[in-house]
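Spelled out from the first residue to the last, the chains are:
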Amino acid sequence: MRMEIDPRDTSRNDFYRLLTATVVPRPIAWVSTVGRDGATANLAPHSFFTISAVSPPIVQFTSVGRKDSLRNVEASGEFVVNLAPEGLFEQINDTATDFPLGESEFEAVGIATEPSRLVKPPRVAASPVALECELHSTLRFGDSTVVFGRVVHAAVAEDVMADGHPDIRKLRPLSRLGKDEWGTVGEVREISRVRYADWEGPSASRGESS
């Protein structure tokens with residue numbers, strides 16, 4: 001038996017909680033930007049984040065409300081997506097604090113920076129992957145704005161690479177779940193896709209385990 005829920009008859013916050021507890025796990029874009037003064041660096045986690053396109057490489061994150069990350073990107077046209085690793089769990093959560101405009105989360109939380117290669121916002125020095133982005137466009141839906149950024153440079157720590165590819169077991173990315181819950185990398189399962197020319201029916205019927 002199911003509960004039938006109509007968003008038109010549900011409060012905005014209640015339906016938000018339903019969505020964020022259902023669309024899980026969500027990767028985290030730990031977004032660094034530079035303020036209008038061109039000097040103050042902002043850092044905030046955004047869990048509405050994904051890849052939009054491959055060629056050109058475009059990633060997107062959503063600002064729910066008019067947050068500093070969005071204002072800074074609109075003003076500067078640049079941002080960096082830093083991977084949010086498990087080892088920086090507390091610091092990532094701390095950067096979600098609503099610090100006053102003009103106060104740097106990097107300084108308040110004590111997070112070391114390193115210069116980016118092609119954009120002005122700094123990278124998180126301890127993050128294993130940084131995607132430097134130039135603003136492509138924004139798209140507003142009600143109280144939220146989707147920010148699309150063209151990736152102009154990627155920096156990956158050598159110690160998370162395996163066979164020329166980032167290794168999930170070394171990256172140890174965090175994800176967001178519902179409420180105040182966060183996810184870590186648990187069991188990693190692998191299965192190859194089957195070409196139609198090789199199709200012999202569903203894996204389960206062939207006695208194979210995924």
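In case you missed it, the structure is sitting above this.
An account of the accompanying structure is given in this report. These numbers were taken from a predicted model, which means no experiment stands behind them. (Residues numbered from 1 in each chain as written. Predicted model: local features only at pLDDT ≥ 70, side-chain atom pairs only at ≥ 80, totals over all residues. Heavy atoms only, no water.)

### Things to note about the packing of aromatic side chains
Between two aromatic rings, the relevant description is the distance of the centres plus the angle of the planes.
Logical step 1: Per the stated rule, a full pass over the model turns up 3 aromatic pairs.
Logical step 2: Here F61 and F79 contribute two aromatic rings whose centre-to-centre distance is 5.3 Å and whose plane-to-plane angle is 75°, an arrangement assigned as edge-to-face. Separated by 18 residues along the polypeptide, F61 in strand β5 (residues 58-64) and F79 in strand β6 (residues 78-83) bring together distant segments of the chain.
Logical step 3: F61 sits in the buried class, given a relative accessible area of 1%.
Logical step 4: The buried category is assigned to F79, whose relative accessible area is 0%.
Logical step 5: Measuring from centroid to centroid gives 5.2 Å for F89 and W182, while their planes differ by 80°, and the two rings are edge-to-face. Of this pair, F89 sits in helix α3 (residues 89-94) while W182 sits in strand β14 (residues 182-183); the two residues are 93 residues apart in sequence, bridging distant segments of the chain.
Logical step 6: When the ring centre of W182 is taken as origin, the NZ or CZ atom of R176, which lies over that ring, is 4.9 Å away. (Phe/Tyr/Trp six-rings, centres within 6.5 Å; stacked < 30°, edge-to-face > 60°. Helix = DSSP H or I, 4+ residues; strand = E, 2+ residues; numbered from the N terminus. Buried < 20%, exposed > 50% of the residue type's maximum accessible area, 1.4 Å probe, protein only. Lys NZ or Arg CZ within 6 Å of the ring centre and 35° of its normal.)

### Points about the environment of T40
Logical step 1: Its place among the elements puts T40 in the loop between β2 (29-34) and β3 (41-46).
Logical step 2: Taking C-alpha positions, T40 is 9.6 Å from E107, a pair spaced 67 residues apart along the chain.
Logical step 3: Dropping the residues within four chain positions of it, T40 is found in contact with T33, V34, G35, G102, E103 and S104.
Logical step 4: A polar atom in the side chain of T40 sits 2.7 Å from the side chain of D37. (Contact = heavy atoms within 4.5 Å. Polar contact = N/O pair within 3.5 Å; in protein donor to acceptor, adjacent residues only side chain to side chain.)

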